[in-house]
Amino acid sequence: MLEVRNVSKAFAAEGTVTQALHRINLAVAGGDFVSVAGPSGSGKSTLLGVMSTLVAPDEGAVLYNGENVAAMGERGVDRLRRRDFGVVFQFHHLMPTMTALENVLLPFLHRLRPVGASLADRARECLERVGLAHKADCLPAHLSGGEQQRVAIARALVKRSRILFADEPTGSLDSATGDRIMELLCGLNAEGLAVVMVTHNEEYAALARTRLTMRDGMLADAGGTCCAACPA
Amino acid sequence: MNILSIPLRYMLRKWPKTLLLFGVFTLGAASVVALDHVSSRVAANMERQLAAFGANILVRPRTDTLRVGYGGVSLGAMQFGARHLDEAAVERAAATIADRANIATVAPKLLALAMVRGAGGSPVNVGLVGVRWDRERRIKSHWRVDGAYPDEAAGPAGPARPAKLADPDAPRGVVAGARAAAALGVAPGGVVRIAGQDLRVAGVLRPTGGDDDSVLLADLDFVQRAFGLEGKASFVEVAALCSGCPIDEIAAQLAAALPGAEVGALQGVVRQRMHSIGFVQKLLLGVSLVILLTACAMVGLSMLAAVNERVREIGLLRSLGFSRGAVFVIFCFEAACIGLAAGLAGYALGTLAGGEALGLIDVARGAAGEFDGVRLAATAGLMGLLATLAAFAPAWKAARTEPSRALTAL
């Protein structure tokens, strides 16, 4: 479904060039669960950014269903982000001035046409799915970190994404909340949603079907554990 | 909910910031509206007053000149044709032309040369000008008189009409030009004898530097009767309001209505008048532009700060598939809302403030602030447009934000 071919990415800052990714090759199949672990600065988040089209690679290509993302044009990439890709960030990234329900509906607010009742119902279902139906009208400031992260996951679910990219989804949470988030991700993966997760946590990384480790912008090794390990 | 819900929610939830920006822009709009209101009213008032106090059209009898000479020897020029205008005809013409609403004052005058006996006893040849006092004083606001005008009930010199004159139709008195008074040796309260009648000198004009210094001014009716020219005038000065109407056109209309008269527009007066009004308007326009530019700069800077502050949110929107155009619309709409609301509030505030300010300005006394639906809509629309334009650069910057800005680790 998603393929990364010979992707390289460098960042230049204050005259120093940092090679964040160096000739990465990677494939994510439908329904896969990929974890990317590694020390800070190893290029994990950059890889996630490149795979989710948020970061353009310097070299190489990202293919989605066989089509080069770079050739899709800006409109095509926007459409891809809207329809097929869902992203969950480490620090939740909700719109602070919108309620939980409105944040879940955010992917549909890119146009003038008003959101219909059916989409609003679907958003409530997604909130219910992540156990936050009762907090639909709460502003992010009134939600805990774990709740905010679950709203972000509901936001990815509402548009029926094909792949969910999660950048350190448990990074800013306590372990109990982190466990609940991982439980949720594993459950969604079991239903067919492909998940690509960047994490520092070895325990959570071990829950993935495909485990990748990065070091100095390169994939150090790849291992696999069964998703059956997920606490479904 | 749609894309506009995002900026609306932001403005609602961040109301202190929104209120501050709204307040700044409202003050800007109110200042401009108030200045515009005051300038237009003051200009209109000034124009009305200037027009009322100064003639800008001159109506004279049409005369032709014939050079007389014989055998190469010139005997001079001879004027022929009507020497006087019919006062009633001119009044009628002024009251019936298409632009009659713009005629402020019609001031007829009859000129005559009279033997006047003053304080010295010996008669002196003096120019006598018959005028309608109320009209003359309206167009000669620069006159200053020692004593009083004959049409005033009483002045420093006492009653203008000599007590011994019991006849209500008797002339009320004269005003002497400064040089004429000196030549006749008269002062306010003195008496001059004209055409066998004693007239009290109600006042003496302070030197004007013009023709008025050398003449005696008396009631038009008296002069007409004294010289057997009832209903006649030597020339007529007309003061016309010329806001939005070319003075030449009014002159042409009068000329058409008065075939036996020559009608000329005094362009210099008009130009001077317009220059004064134009200067005031340009000055206030300049101040308004500075205020508007400042308000726009405030909106632009505030939006720029908002873009920098919300870069993660913008990155999030972009990562969710919002196009650059959609992000651009969000910020422009936010600015447009503030501008529109500020325009509405600014118009109301500015009109009220302008009305209050007009009350403090003597020149605009009598002018009051009033709401105008079209101006209200125009102000709101203009402020909305200006705010949107001011937000263009920040909105463009927001639209160019890369979605990767949402990734904290980068």
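Residues numbered from 1 in each chain as written. Chains lettered and ligands numbered in written order. Predicted model: local features only at pLDDT ≥ 70, side-chain atom pairs only at ≥ 80, totals over all residues. Heavy atoms only, no water.

*Asks:* Explain the pattern of salt bridges here, please?
*Replies:* Residue and element names in this part refer to chain A. Tallied over the full model, the rule gives 26 salt bridges over all chains. With a shortest N-O distance of 3.3 Å, Asp78 and Arg81 are connected by a salt bridge. With Asp78 and Arg81 both in helix 2 (residues 73–83) and 3 residues apart, this pair spans about one turn of that helix. Judged on exposure class, the residue Asp78 and its partner Arg81 are both buried. Of the charged contacts, one joins Glu147 and Lys135 as a salt bridge, the two residues approaching to 3.1 Å between their closest N and O atoms. Remark: Lys135 occurs in the loop between helix 4 (117–129) and helix 5 (145–158) and Glu147 occurs in helix 5; sequence separation between them is 12 residues. (Salt bridge = Lys/Arg side-chain N within 4 Å of Asp/Glu carboxyl O. Helix = DSSP H or I, 4+ residues; strand = E, 2+ residues; numbered from the N terminus. Buried < 20%, exposed > 50% of the residue type's maximum accessible area, 1.4 Å probe, protein only.)

*Asks:* Is there a simple way to explain the pairing of strand 1 (residues 57–61) of chain B in this structure?
*Replies:* For a regular strand, the rule is simple: side chains alternate between the two faces of the sheet. Residue and element names in this part refer to chain B. Every second residue of strand 1 is oriented toward a common face, the buried set being Ile57, Val59 and Pro61 and the non-buried set Leu58 and Arg60. Relative to strand 15 (residues 235–240), strand 1 runs antiparallel, the two being bridged by 3 bridges. Counted as the bridge partner of Ile57 is Val238 from strand 15. (Pairing = 2+ DSSP bridges.)

*Asks:* What am I meant to see in the environment of Arg179 of chain B here?
*Replies:* All names here are of chain B. Along the chain, the position of Arg179 falls in helix 5 (residues 178–184). The sequence separation of Arg179 and Leu216 amounts to 37 residues, and the corresponding C-alpha distance is 9.8 Å. When neighbours within four sequence positions are excluded, Arg179 is seen to be in contact with Asp213 and Ser214. (Contact = heavy atoms within 4.5 Å.)

*Asks:* How should I be thinking about the sheet that holds strand 2 (residues 16–28) of chain A in this particular structure?
*Replies:* Note on sheets: strands pair through backbone hydrogen bonds, and any given pair is parallel or antiparallel. Residue and element names in this part refer to chain A. On the basis of which strands lie adjacent, the open sheet formed by 4 strands has the order 2-1-4-5 and antiparallel pairing. Sheet topology places strand 2 and strand 5 (67–68) at the edges, where each strand pairs with a single neighbour. Alignment of strand 1 (residues 2–13) against strand 2, held across 9 bridges, turns out to be antiparallel. In the strand pairing of strand 2, Phe11 is matched with Thr18. Each of strand 1, strand 2 and strand 4 (59–64) touches helix 1 (residues 44–51); the most contacted strand, strand 2, lies at about 55° to it. (Axes fitted to C-alpha atoms, helices over the stretch in contact; angles between N-to-C directions.)

*Asks:* Looking at this model, I keep getting lost on the confidence of the model for chain B. Mind explaining?
*Replies:* When pLDDT is low, close inspection of the predicted coordinates is not appropriate. Averaged over all residues, the pLDDT of chain B is 82; the fraction at 70 or higher stands at 84%. A low-confidence stretch, residues 153–166 of chain B stays under pLDDT 50, and its non-local contacts, those more than four residues away or across chains, total 29 contacts. (pLDDT = per-residue confidence, 0-100.)

*Asks:* Sorry, what's going on with helix 3 (residues 87–96) of chain B here?
*Replies:* An α-helix turns once every 3.6 residues. As a result, residues three or four positions apart point the same way. Residues and elements named next belong to chain B. Looking at helix 3, one finds that the buried residues are Glu87, Val90, Ala93 and Ala94. Burial along helix 3 is one-sided: seen end-on, the buried residues are contained in an arc of 130°. Exposed and oriented more than 90 degrees from the buried face of helix 3 are Arg92 and Thr96. Residues of helix 3 that are buried make contact with strand 4 (85–86), strand 5 (103–117), helix 6 (220–226), strand 15 and helix 7 (247–257). (Arc of directions from axis to C-beta.)

*Asks:* I would appreciate a short explanation of the interface of chain B and chain A in the present structure.
*Replies:* A common way to express how large an interface is: the accessible area buried when the components associate. Listed per partner, the contact involves 28 residues of chain B and 35 residues of chain A. For the interface between chain B and chain A, the tally reads 4 salt bridges. With its nearest N and O atoms 2.6 Å apart, the salt bridge here joins Glu102 of chain A to Arg9 of chain B. Taken together, chain B and chain A are joined by 10 residue pairs in polar contact (both at pLDDT 80 or more). Those elements giving two or more residues to the side of chain B that touches chain A turn out to be helix 1 (5–13), helix 9 (311–319) and helix 10 (324–360) of chain B. A total of 6 residues in the side of chain B that touches chain A trace back to one element, the largest contributor, which is helix 9 of chain B. Its residues assigned to classes, the side of chain B that touches chain A shows 15 nonpolar, 6 polar and 7 charged. (Polar contact = N/O pair within 3.5 Å; in protein donor to acceptor, adjacent residues only side chain to side chain. Nonpolar A, V, L, I, M, F, W, Y, C, P; charged D, E, K, R; others polar.)

*Asks:* Where do I start with the side chain of Glu136 of chain B in this structure?
*Replies:* Residues and elements named next belong to chain B. For Glu136, the position within the fold is in helix 4 (residues 133–139). For Glu136, a relative accessible area of 1% gives the class buried. A polar contact of 3.0 Å, which involves the side chain of Glu136, links it to the side chain of Lys109. With near-sequence residues (within four places) excluded, Glu136 lies in contact with Ala107, Lys109, Val131, Trp143 and Glu237.

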